[in-house]
Amino acid sequence: FSPPSVVSAAGEKVAPAPPTWTFGRILIAALVGVAVVALVVGLAVGLSLNTAASSLQPGFPKRAMTYSSYSSCEEAAADFALGAEASTWEDSSDAGPRALHPETSYRLPVQSPDYCSHCTCSDSEQYNWFYGGGAQPEMMAMESDAGAPGAAAAKGSSADASSSTDDYSGTNNQVEGADEGDIVKTDGEFIFILPAYELQLVIARVYPFDQAAPISATDLRPYRIRPTEMLLDGDNLVIIGASSGTLRSSASAGQESDERYLQTAVIQVWNVANKAAPVLIKQVEVEGSAVTSRLVARVAYVVVQTSPQMIWMYRRSGTRGAQETHEAPDAAHQGAPAVEKKGAPGVEAKGAPGTGGSRRSSVAPGSDVDRKISFGVPLWRSLTSAQATTDAARGVPMARICNCNSLTKVENLGTPNGFVSVIAIHTSPEKLGEISTATHVGRGYNVMMSLSNIYIAQTNWNYMTTQTPGGLPTEGVWTAVLKFAMNAGTPTFATLLTVPGSILNQFSMDESSGNFRIATTYGEMWADPPTSTSGVYIFDPSGERIGEVTGLAKGERIYSVRFQGDMGYVVTFRQVDPLFVLDLSDPKKPVVKGQLKIPGFSEYLHPVNRTHLLGLGKETVDNNGRVTTKGVKVSLFDVTDPTKPKEAQVIVIGQSGSYSIAATEHKAFLYHPSTGLLAFPIQEWEQYEKTSGASSDRIVFDGCLVYNITSAGMESLGRISHMPPSVTAARWASDEWWRWDNLASPYRITRPIYMAGHLLTLSARTLAVHRVAANVPEVKSFNYSLPVCGSA
């Protein structure tokens, strides 16, 4: 505080007298000083907090990402070597013709838990001890009644006159019209099954129900395929699976032949017009693993993922800096044409951890090791039915699926770590077996397909660019989505979409009126304090982001998502289950209409109609701030008023440990809208007190629950189980639940199917038909699969 200036009568300034510092003045000065200090500190802290907060907010990568193609194999290989921090690279697909020598293990039977009940086991004592041992009388009785799967072949040909029904449920697909690959398919008269333990294609008649019986069991072992799923289009069936073998190139005189382990995806096209004797039309093999498949407008689309091969090189000199030189492929090999564009799904090759493959090296072991990337465009081959057997296939070489200058990429996306291929195979009689492919440098494990586009997503969990000269700062966790246009069976890369955060599964993505919608969680739910938040982002057909809803459920993560027309439903969880209802009718201005907070969480959401939604997940309880899961929870949500969603009814089954595979495998979930039938597999656990006084858990039911949904809510119709009494008794009698869990696995129901007022349930051994009524009485059951004893 400066005292005012003093002016003399003559107008001159004179020095003021020193101020008198009274107690009041001292107090005011102190308070003002404190305020100034607080203001300065507050500004500094506020700036720091704002900076920290902004770093936690979802942000889109700020780099310009453009679509292009490689100009040469050398350019592509150099990118892969840089991304793997490898010292050198080689073109593994440019070594001339290579023959694939299949593994013999693909011709061996798969030993199931009930294998020794039917076959002679060399180590039967040890094997039977683990699985419970001894033949199961109930199972043997089913075998005696129904006979072997092929016994009824003569009665099951397509020439037999019998009616079929259109009143049946197919696979529980995310998008209507885009049929998803599964282990079971039906056409309303026959059922096609890929057994869990046998390498077979089983065909059985199921309608009329009094004629239900196995027809044929086609052995798939000679074709070296472990089937995983299939697609059905009339009389044509596409089987998707995996195989592996040793890839060998011809050796020059005095040189060792070059070889490496190779796992491949396999696609088979079968004609099943004659149900007693299916005919293989074509088999296609592609290096890599199958991610998923769809059937859209008589074209089967298979997404295949391929990892680059990594080689660990031991150096003679032991000098770490010394690098071997490897010649780049010459121009003549860069454009080596593929014989035919065909592909299929498989399993990733094995080798050094996280590398995707291994290969023999002629470099002698030394005191040092270096890493080399074995770059190679994914290999493929197409086989006729005559060539597809193990011995004949050895003479058909593998070749590149495309030219290097046909490989597409996204500039500035980051260092490449694999390939993703979209394989399109026509299933119509006019174009049966015609194939087209598109191969892109990238990865992706979550796939959503609409009726016109394919979206393949990969989350970049730890995006760092230290490998790039100069480097770029991390942009946090974000997800890249590759969009391919189907083009009626000629897939092409369309664009790249990027969103902050990570996605949960395929249901986190959706397409409506050409617009792409995706839900993600950004940040860490378990950080202290939690930094997670969720959002929904909308892109137009060109890939431009046009709308978003962010800031959902701070401190939680997404547990389930479902889009339905103009509405979106998102379930998040940490301690309670908020169900968010989103209005997406204006894609540029999506809004949250309402939310509901309840205990527990839903892992799968399924629309009942426009006003109701089913949720399948877990019930939870709060024990002094610590949340624990209890039984399986089935919720019926009423979203008639989007601003006030309600949990109209809730059913909790079992106690801690109970679970349903349908919560994470939607193909095991059945809801039939016209009848209101709801069915899903479940394993129910309970807590009990042992004779010693200690508490323990045990399985009390393993089967399928059946409900009827009406305007009054969910009504239980009954329970279905394939478990023989001897198995359930053994499970009740022992605390070694893992042992009895294996013993029971052949009888565990995995799929329910509705057909003409009846419910079909499928386990690894049995197909049962039950009438949809109180207590779901059994109409018929038969054993469609038995262990295959011995070798092929």
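The model shown is predicted, which means the values in this text are computed figures rather than measured ones.

## Considerations on the pattern of salt bridges
Here's step 1: What the rule picks out here adds up to 17 salt bridges.
Here's step 2: One salt bridge in this structure joins Arg-205 and Glu-189, with 2.9 Å as the shortest N-O distance. Pair noted here: Arg-205 is in strand 9 (residues 200-205) and Glu-189 is in the loop between strand 7 (184-186) and strand 8 (190-193), with a separation of 16 residues, a long-range link. This pair shows no difference in class: Arg-205 is buried, exactly as Glu-189 is.

## Examining the sheet that holds strand 46 (residues 766-771)
Here's step 1: Read from one edge of the open sheet, four strands run 44-45-46-47, paired in antiparallel fashion. In this open sheet, the two edge strands, each paired with only one partner strand, are strand 44 (751-755) and strand 47 (778-783). In this sheet, adjacent strand axes meet at a mean angle of 15° when their direction is disregarded.
Here's step 2: Two elements, strand 46 and strand 47, share five bridges in a ladder whose sense is antiparallel. Following the sheet pairing, Leu-767 is matched in strand 47 by Phe-782.

## Here we look at the state of the cysteines
Here's step 1: In total, this model carries one disulfide according to the counting rule given.
Here's step 2: Linked covalently through their sulfurs, Cys-73 and Cys-404 form a disulfide whose S-S length is 1.7 Å. Looking along the S-S bond of the Cys-73-Cys-404 disulfide, the torsion reads about 90°, which is the right-handed sense. Of this pair, Cys-73 sits in helix 2 (residues 73-83) while Cys-404 sits in the loop between strand 20 (397-400) and strand 21 (408-411), and the two are 331 residues apart along the sequence.
Here's step 3: Judged by relative accessible area, which is 0%, Cys-404 ranks as buried.
Here's step 4: Of the cysteine sulfurs around Cys-402, a residue in no disulfide, the closest is that of Cys-404, at 7.3 Å.
Here's step 5: Since its relative accessible area comes to 4%, Cys-402 is described here as buried.

## Considerations on the sheet that holds strand 10 (residues 213-219)
Here's step 1: Strand order in this open sheet of four strands is 7-8-9-10, and the pairing throughout is antiparallel. What marks the edges here is a single partner per strand, and that holds for strand 7 and strand 10. Pairs of neighbouring strands in the sheet enclose a mean axial angle of 15°, with direction left out of account.
Here's step 2: Sheet analysis places strand 8 next to strand 9, joined by four bridges and oriented antiparallel. Following the sheet pairing, Ile-191 is matched in strand 9 by Ala-204.

## Focus on unusual backbone geometry
Here's step 1: In the segment running from Tyr-207 into Pro-208, the intervening peptide bond is cis, with an omega of -5°.
Here's step 2: One non-glycine residue with positive phi stands out, namely Arg-224, at about 55°.
Here's step 3: Assignment of secondary structure puts Arg-224 in the loop between strand 10 and strand 11 (226-233).
Here's step 4: The phi dihedral of Ala-553 is positive, around 50°, even though this residue is not glycine.
Here's step 5: Of note, Ala-553 is situated in the loop between strand 31 (545-552) and strand 32 (557-564).

## Here's the deal with the packing of aromatic side chains
The way to describe two aromatic rings as a pair is by their centre distance and the angle between their planes.
Here's step 1: Under the defined criterion, the tally for this structure stands at 11 aromatic pairs.
Here's step 2: Here Phe-507 and Tyr-604 contribute two aromatic rings whose centre-to-centre distance is 5.7 Å and whose plane-to-plane angle is 75°, an arrangement assigned as edge-to-face. Here Phe-507, found in the loop between strand 27 (492-500) and strand 28 (509-512), pairs with Tyr-604, found in strand 36 (residues 601-607); they are 97 residues apart in sequence, far enough to count as distant. Judged on exposure class, the residue Phe-507 and its partner Tyr-604 are both buried.
Here's step 3: Aromatic pair Phe-573 and Phe-601: ring centres 4.7 Å apart, planes at 50°, arrangement tilted. Here Phe-573 is found in strand 33 (residues 567-573), whereas its partner Phe-601 is found in strand 36, with 28 residues between them in sequence. Of the two residues examined, Phe-573 and Phe-601, each falls in the buried class.
Here's step 4: Of the aromatic side chains, those joined through ring pairs into one cluster are Tyr-455, Phe-516 and Phe-539.

## Some details on the environment of Ile-423
Here's step 1: Relative to the helices and strands, Ile-423 is located in strand 22 (residues 419-426).
Here's step 2: In sequence terms Ile-423 and Val-286 are 137 residues apart; their C-alpha atoms lie 9.5 Å from each other.

## Quick word on the confidence of the model for the protein
Here's step 1: Per-residue confidence for the protein gives a mean pLDDT of 77; residues scoring 70 or more make up 68%.
Here's step 2: Note on residues 313-369: pLDDT is under 50 here. Beyond four places in sequence and across chains, it has 166 contacts.

## A short note on the nonpolar core
Here's step 1: Judged by nonpolar contacts, the single largest core of 34 residues is most densely connected at Tyr-301, Ile-454, Ile-456, Phe-484, Met-509, Phe-516 and Ile-518.
Here's step 2: Every element with two or more residues in this core is listed here: strand 16 (299-306), strand 22, strand 24 (446-449), strand 25 (453-460), strand 26 (478-485), strand 27, strand 29 (515-522) and strand 30 (533-539).
Here's step 3: Not counting residues up to four positions away in its chain, the partners in contact with Ile-456 are Val-303, Val-420, Val-422, Arg-443, Gly-444, Asn-446, Val-447, Ala-480, Val-481, Leu-482 and Phe-484.
Here's step 4: Among the nonpolar cores identified, the runner-up in size contains 27 residues, and Leu-231, Val-238, Val-269 and Ile-423 belong to it.

## Topic: the environment of Asn-609
Here's step 1: Mapped onto the secondary structure, Asn-609 falls in the loop between strand 36 and strand 37 (612-623).
Here's step 2: The partly exposed category is assigned to Asn-609, whose relative accessible area is 35%.
Here's step 3: Here Thr-611 takes part through its backbone nitrogen, which lies 2.9 Å from a polar atom of the side chain of Asn-609.
Here's step 4: A polar contact of 2.8 Å, which involves the side chain of Asn-609, links it to the backbone nitrogen of His-612.

## A closer look at the pairing of strand 14 (residues 279-287)
Here's step 1: Burial runs high along strand 14: seven of the nine residues are buried.
Here's step 2: Bridge count for strand 13 (residues 259-271) against strand 14 is eight bridges, and the pairing is antiparallel. Looking at the pairing, Val-269 lines up with Lys-282 of strand 14.
Here's step 3: Here strand 14 runs beside strand 19 (residues 379-384); their pairing, made up of five bridges, is antiparallel. Looking at strand 19, one finds that Val-284 is bridged to Ser-382.

Scoring rules and cut-offs
- Residues numbered from 1 in each chain as written.
- Predicted model: local features only at pLDDT ≥ 70, side-chain atom pairs only at ≥ 80, totals over all residues.
- Heavy atoms only, no water.
- Salt bridge = Lys/Arg side-chain N within 4 Å of Asp/Glu carboxyl O.
- Helix = DSSP H or I, 4+ residues; strand = E, 2+ residues; numbered from the N terminus.
- Buried < 20%, exposed > 50% of the residue type's maximum accessible area, 1.4 Å probe, protein only.
- Pairing = 2+ DSSP bridges.
- Axes fitted to C-alpha atoms, helices over the stretch in contact; angles between N-to-C directions.
- Disulfide = S-S within 2.5 Å.
- Phe/Tyr/Trp six-rings, centres within 6.5 Å; stacked < 30°, edge-to-face > 60°.
- pLDDT = per-residue confidence, 0-100.
- Contact = heavy atoms within 4.5 Å.
- Core = buried A, V, L, I, M, F, W, Y, C linked by side-chain atoms within 4.5 Å.
- Polar contact = N/O pair within 3.5 Å; in protein donor to acceptor, adjacent residues only side chain to side chain.

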